[in-house]
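# Architecture at a glance
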Amino acid sequence: MAKRVPLSEPQFAHLSDRTRKWAQGARGGREDLTLTSPLPPLSRGALVGAAPLTQEAGLRQEAGRGWQSSRSSRKQLAGDRAEATLVMEGPPAGWAPFHRVTPLLESWALSREAGTTVFLKCENMQPAGSFKIRGIGHFCQQMAKKGCKHLVCSSGGNAGIAAAYSAQKLGIPATIVLPETATTQVVKRLQGQGAEVLLTGKVWDDANLRAQELAKQDGWVNVPPFDHPLIWEGNASLVQELQAALGTPPGAVVLAVGGGGLLAGVAAGLVEVGWQHVPIIAMETRGAHSFNAAVQAGELVTLPDITRASFPWSVWLQKLPGPSAGELETEDMKCAPGSTSVARTLGAKTVARRALECTREHRVLSEVVGDAEAVSAVQRFLDDERMLVEPACGAALASIYSGLLGRLQAEGRLRPLASVVVIVCGGNGIDSRELQALKATLGLS
């Protein structure tokens, strides 16, 4: 028979509020909950118990946390008190995903700009701040089922936050490797989620090499930010939500491309729901346009280093109220030779091969906008919708604000559209001060 041990503080904290209140009220506290061992720390499983107040054999499933009741368990009385036990048998088959169903909003302002109905799929409202939690959450759950002991992820920001969030939910340690251009707010958020943060190299590709080395350690698993079938499978859930909300297919789907994981997932999702005829408009910023370069060449292309455009940050920051330039200026504000783009989260020098393959199986229009157009779209979107998103997302929004969508229709490259969905991919890597700095850099009023 398995040994029973008291529930630890971290394990008790990992329970939902409702379960903790039940334990503290009907049971008396954490010490009265016991854990069947051996088991991995903070694994998910079934909370089985019988409180005299309810005469239940188990607790109801805790929505979104994967806790399940077991009807096969019977009341176990210890004197005049019931015993509650965590029975761990590995992650249950019906494990709830870490992402949530995000709002699909009709935008009056963008519809007016586009001359057609524009729906916004608000992935910036995910618990990890971007669509990345769909694919990465799915990947991490599958790895946890296989006994992963430590997650490592290379990231420009959003993927790392999704991996850290997933690791925290799973109770698995995480190391996130960022390029030195990562923003301070992203680093602080990762550390706040309990992840170890390492800064390596100028661009994501450098960080990725470091992550691959770390993943060679026993029990460690490298979380690919975009290039893995499980990532694409998780991202495809976005299209299933579109089908449930819209019923009928939109005229087009607009998205930003970095490494190509969102593109690959959306393309797969469109096929799954029978919408394979819906064109995808894939947007990038110039200087981070590895997908467009590959499309033009007909093969994968590796760009030079993708860095931020040169600007005398210390001079400009002195004009801002608050902390001094010396306190604010970090590695993400410094420059290096190579291609330049402010859309750091689009900064994969080589796109996933699967993304290029999608262009041969699906109608994909690859388009590139300048940094100024992307940042201008971020500001206008903030004014129109009261949501602050990062320049990578601004690249997708620029398809509307720059008039690109109208030009594609006028040129006959797109049929007249009854509606279009724009995926608002995320907003982790920006704040109001950085938006001001970006506008000043690019000469925007």
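Residues numbered from 1 in each chain as written. Predicted model: local features only at pLDDT ≥ 70, side-chain atom pairs only at ≥ 80, totals over all residues. Heavy atoms only, no water.

## Points about the overall build of the chain
Within the chain, the regular secondary structure consists of 18 helices and 18 strands. For the chain, with 445 residues in total, the buried portion stands at 57%. Expressed as a percentage of contacts within the chain between residues at least 6 apart in sequence, the contacts between residues at least 24 apart total 75%. (Helix = DSSP H or I, 4+ residues; strand = E, 2+ residues; numbered from the N terminus. Buried < 20%, exposed > 50% of the residue type's maximum accessible area, 1.4 Å probe, protein only. Contact = heavy atoms within 4.5 Å.)

## With respect to the state of the cysteines
Following the criterion strictly, the structure yields 0 disulfides and no others. Left unpaired, Cys140 is separated from the closest cysteine sulfur, that of Cys148, by 7.5 Å. Note on Cys140: relative accessible area 0%, which makes it buried. Here Cys153 stays unpaired: no disulfide links it, and the sulfur of Cys140, its closest cysteine neighbor, is 7.5 Å away. (Disulfide = S-S within 2.5 Å.)

## Observations concerning the sheet that holds strand E8 (residues 117–122)
As summarised here, the arrangement of the 6 strands in space is E7-E8-E18-E13-E14-E17, forming an open sheet in which the pairing is mixed. Edge positions in the open sheet fall to strand E7 (104–107) and strand E17 (364–369), since each of these has one partner strand only. Within the sheet, the average angular offset between the axes of one strand and its neighbour, ignoring direction, is 25°. Sheet topology note: the strand E14 (residues 280–285)/E17 ladder contains 6 bridges and is parallel. Counterpart to Glu284 in the pairing with E17 is Val368. Running over the sheet, helix H10 (residues 261–272) touches strand E13 (253–256), E14, E17 and strand E18 (419–424) and is turned about 155° from E13. (Pairing = 2+ DSSP bridges. Axes fitted to C-alpha atoms, helices over the stretch in contact; angles between N-to-C directions.)

## Quick word on the environment of Ser366
Its place among the elements puts Ser366 in strand E17. The exposure class of Ser366 is buried, given its relative accessible area of 12%. Those residues in contact with Ser366, other than ones at most four positions away along the chain, are Ala282, Glu284, Phe291, Asn292 and Val295. Reaching out from Ser366, the side chain makes a polar contact with the side chain of Asn292 at a distance of 2.9 Å. (Polar contact = N/O pair within 3.5 Å; in protein donor to acceptor, adjacent residues only side chain to side chain.)

## Comments concerning the pairing of strand E9 (residues 150–154)
Taken across its 5 residues, E9 has 5 buried, putting it largely inside the fold. Residue alternation in E9 divides its side chains into two sets, His150, Val152 and Ser154 and Leu151 and Cys153, and both sets are buried. Bridge count between E9 and strand E12 (residues 220–223): 4 bridges; the pairing is parallel. Counterpart to His150 in the pairing with E12 is Trp220. As judged from the 4 bridges shared by E9 and strand E10 (residues 174–178), these two strands associate in the parallel manner. Paired with Ser154 across the strands is Val177, a residue of E10.

## Regarding the nonpolar core
Formed by 101 residues in total, the largest nonpolar core has its most connected members in Leu110, Ile176, Leu255, Val266, Phe381 and Leu397. For this core, the element with the highest residue contribution is helix H5 (residues 158–170), accounting for 8 residues. Formed by 7 residues, the second largest nonpolar core is a distinct cluster that contains Val152, Ala211, Ala215 and Trp220. (Core = buried A, V, L, I, M, F, W, Y, C linked by side-chain atoms within 4.5 Å.)

## Description of the side chain of Lys132
In this structure, Lys132 sits in helix H4 (residues 132–145). Put simply, Lys132 is tucked away with no salt bridge, and the nearest opposite charge, on Glu390, sits 9.0 Å away. (Lys, Arg positive; Asp, Glu negative; His and termini not counted. Salt bridge = Lys/Arg side-chain N within 4 Å of Asp/Glu carboxyl O.)

## A look at helix H15 (residues 371–385)
Taking 1.5 Å of rise per residue, 15 residues should cover 21 Å, and H15 covers 21 Å from first to last C-alpha, within 8% of that figure. Two residues or fewer after H15 comes Arg386, characterised by a positive phi angle close to 60°. (Expected span 1.5 Å × (residues − 1).)

## Side note on the environment of Val424
Checked against the element boundaries, Val424 lands in strand E18. Sequence-wise, Val424 and Gly394 are 30 residues apart; in three dimensions their C-alpha atoms are separated by 8.5 Å.

## Structural notes on the packing of H15 against helix H18 (residues 432–441)
Packing of H15 against H18 brings their axes to within 10 Å, and their N-to-C directions diverge by 135°. Comparing the axis directions of H15 and H18 gives the class oblique. H18 is crossed by H15, and the crossing has left-handed handedness. Taken together, the residues of H18 that come into contact with H15 (itself represented by Val375, Val378, Gln379 and Leu382) are Leu435, Leu438 and Lys439. (Parallel < 35°, antiparallel > 145°, perpendicular 65-115°, else oblique. Left-handed = near helix turned anticlockwise from the far one by under 90°.)

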